[in-house]
Structure formats: C-alpha cells, structure tokens
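So the chains spell out like this:
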Amino acid sequence: MERIPILKMGKFLLVSIQVDMDDRTAMNLQDDLTAQIVKHRAKAVLIDISSLDVVDSFIGRMLANTAAMARILDAETVVVGMQPSVAITLVELGLSLKGVRSALNVERGMEMLRGIAEDAPEEPTDDGDEK
Amino acid sequence: MTATKSETVPVRGSAEVVSVRHLVRRWAVELGFTLVEQTKIVTAASELARNMVDYGLGGTMTIEALDNGTRKGLRLIFEDRGPGIPDINQALRDGFTSGNGMGLGLGGAKRLSNEFEIRSAPGEGTRVAITRWRGAS
C-alpha cells in the first residue's frame, strides 16, 4: 500500500499526487492531511494533481472532503494542475467540486495560498525549535 | 459489428479497479482515441469497476475492441453475481446510493458512454455494458 508524501513549508502543506491511487491510498491521504494540518497548525494545503490522468467520483469526493475538513480545521485548500481532459470528464460525470479552490498551476496556487497565509494572524508554531 | 480482440479480467478489490483503468487506457490509446475520449471511458470504467467491488461482491470486466467497418470503438462489459439492483431507474438517478458513495457511478458512467445497457435481477447479479466510439461526441 502506498502513502503519498506530504511536505511542510512554513504554514503550508504541499502534496503532489504522482501515482494512480487506489481507494485506500486516497483515504490515507485524506486522513494524513487532516492530521498534519492539526500537528503543524497549517493554514493552507496545496494539492497538485497535474500527474493524474483520471479523477473519478471517489478521488473527486476525497478532494472535496479534504477541502471541507481542512476548512473546519481553519486551513484553506487549493487543488492545482487539473488536466483539461480530466476537468471535462468530471463535469460530465456530474462532479463540480463545489467548494474546492483551484488554480491552473503550482505557481498560481502558491500565490493564492500566500494571500491566505498573510491574512492569518501570527501564532507560535509547535515545531519545537523555539522552546 | 465484430470484436477484433477481447480480454476478460477479474475485478475483486480496489487494486484491480486501478488495473482496470490502466487496461482500458492502453486499449483506448491503441485504438487512437483522443485524450478526452480516453479519459471519459477510463473514468466510466473506474466507476463501474468500483460499483462491482462495493456492491456486487466483485466480478469480471470484458474489454472488446470493435470495428463496424466505418468506425472503431471499445466495449466494456461488467458482470457480477452479487445481490443485483432492485430498481434500476432509481439506481441510475444522480445522488441515489445504497452505500457511502455519491451515487454518481451508474448515471455518470452512462453519460460518459455512447451506448449503455444494464441488466440486473435481484439475487442473480448485474451486467452493465458500455460502448464508446472513436470520434463520437
């Protein structure tokens, strides 16, 4: 069973999904992300799906649920890099990913997140290096 | 209409749903489907394969390359011996789910296909066949 790595960068969590995930891998990613948001007090999550050539209703639901859970945990999520053929298919499938912010690529996604993080009040981190 | 080539694979778990996606992608590329056509049939296959795993106790997918003289296509047949679907019209409606899915599987797969056939009887299982033609919208 694979696990998708999550990188922490300041107040951001970064994920790049590079493999065709089975359902359990997708659920693990959702669980890992919510846990890491709390652990690092992350303000924003960027999920790069530019390598995914298929997003079916299960993966789509995982992305939407992750964004919803992150919001409850006071973090914003942006999904970046969706291939046009995937977007066309998702809409025809009936999944509009309402409530999920998206950006064309990682650069634009990062800009979006920086805006969010700058608006967030400063607070001490629990990285352990300031004690 | 003749099938120029066919293959049947078991679909019992979530790893095999991924294998189905890869197999359908490979055949769609071989037939010269555009990227959007490939993505639509692969996504439909993923929905139907997962339905079999989640609700039909697993089953098989048969993939056929079609050539009717003027156009080429792919037909996918999903067969399981699960509990069957009591009300097919209800199951095809978006948002209807008997499990924890979003209820987009059957209706979504139908929209992503050019032809769609479903047969199911309670206690006898379900058979869903979809076809996509190259160059069809």
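I will try to describe carefully the structure that is included in this document. As the structure is a computational prediction, the values presented were derived from the model and not from experiment. (Residues numbered from 1 in each chain as written. Chains lettered and ligands numbered in written order. Predicted model: local features only at pLDDT ≥ 70, side-chain atom pairs only at ≥ 80, totals over all residues.)

### Some points on the overall build of chain A
Stage number 1. If you tally the helices and strands in chain A, you get four helices and five strands.
Stage number 2. For chain A, the α and β elements follow one another from N to C terminus as β-β-α-β-α-β-α-β-α.
Stage number 3. In terms of overall dimensions, chain A is globule-like: its C-alpha atoms have a radius of gyration of 15 Å, near the 14 Å expected for 131 residues.
Stage number 4. Along the longest, intermediate and shortest principal axes, the C-alpha atoms of chain A span 50 × 30 × 25 Å.
Stage number 5. Within chain A, the fraction of its 131 residues that count as buried is 37%.
Stage number 6. Look at the contacts in chain A between residues 6 or more apart in sequence, and 77% of them connect residues 24 or more apart. (Helix = DSSP H or I, 4+ residues; strand = E, 2+ residues; numbered from the N terminus. Rg over C-alpha atoms; globule rule 2.2 N^0.38 Å. Buried ≥ 20, exposed ≤ 12 C-beta atoms within 10 Å, placed from the backbone. Contact = placed C-beta atoms within 7 Å.)

### Thoughts on the sheet that holds strand 3 (residues 44-48) of chain A
Residues and elements named next belong to chain A.
Stage number 1. Ordered by their spatial adjacency, five strands build an open sheet running 1-2-3-4-5, and the pairing between neighbours is mixed. The open sheet has two free edges, formed respectively by strand 1 (6-9) and strand 5 (101-103), since each of these has just one partner strand. For this sheet the average axis-to-axis angle between neighbouring strands, irrespective of direction, equals 25°.
Stage number 2. For strand 4 (residues 76-80) and strand 5, the ladder comprises three bridges, and the chain directions are parallel. Its bridge partner being in strand 5, Val78 is matched across the sheet by Arg101.
Stage number 3. The sheet contacts of helix 4 (residues 106-119) involve strand 2 (12-16), strand 3, strand 4 and strand 5, and relative to strand 3 the element is tilted by about 170°. (Pairing = 2+ DSSP bridges. Axes fitted to C-alpha atoms, helices over the stretch in contact; angles between N-to-C directions.)

### With respect to helix 3 (residues 84-93) of chain A
All names here are of chain A.
Stage number 1. Residues Val86, Thr89, Leu90 and Leu93 constitute the buried set of helix 3. Taken end-on, helix 3 shows its buried residues confined to a sector of 100°, consistent with a single buried face. Away from its buried face, by an angle of more than 90 degrees, helix 3 presents the exposed residues Pro84 and Val91.
Stage number 2. Directly after helix 3, the chain includes Gly94, whose backbone phi takes a positive value near 110°. (Arc of directions from axis to C-beta.)

### Brief notes about the interface of chain B and chain A
By a widely used convention, the size of an interface equals the accessible area lost when the partners come together.
Stage number 1. If you look at the interface, chain B gives 23 residues, while chain A gives 18 residues.
Stage number 2. Looking at the side of chain B that touches chain A, the elements that each hand over two or more residues are helix 1 (14-30), helix 2 (35-55) and helix 4 (105-111) of chain B.
Stage number 3. The element that contributes the greatest number of residues to the side of chain B that touches chain A is helix 2 of chain B, accounting for nine residues.
Stage number 4. The residue makeup of the side of chain B that touches chain A, split by class, is nine nonpolar, eight polar and six charged. (Nonpolar A, V, L, I, M, F, W, Y, C, P; charged D, E, K, R; others polar.)

### Brief notes about the packing of helix 1 (residues 23-40) of chain A against helix 2 (residues 57-72) of chain A
Residue and element names in this part refer to chain A.
Stage number 1. Running from N to C, helix 1 and helix 2 cross one another at 10°; their axes reach a closest spacing of 10 Å. Between helix 1 and helix 2, the interaxial angle falls into the category roughly parallel. Contact with helix 1, carried on its side by Asp23, Ala26, Met27, Gln30, Leu33, Thr34 and Ile37, involves Phe58, Ile59, Met62, Asn65, Thr66, Met69 and Ala70 of helix 2 and no other residues of that element.
Stage number 2. When its residues are assigned to classes, the contact of helix 1 with helix 2 shows nine nonpolar, four polar and one charged. (Parallel < 35°, antiparallel > 145°, perpendicular 65-115°, else oblique.)

### Structural notes on the environment of Ser14 of chain B
Stage number 1. Relative to the helices and strands, Ser14 of chain B resides in helix 1.
Stage number 2. C-beta crowding within 10 Å serves as the criterion here: with 20 such atoms nearby, Ser14 of chain B is assigned to the buried category.
Stage number 3. Distance in space between the C-alpha atoms of Ser14 of chain B and Arg71 of chain B is 33 Å, their sequence separation being 57 residues.
Stage number 4. Contact partners of Ser14 of chain B, with chain neighbours within four places excluded, come to Asp22, Asp23 and Arg24 of chain A together with Val53 of chain B.

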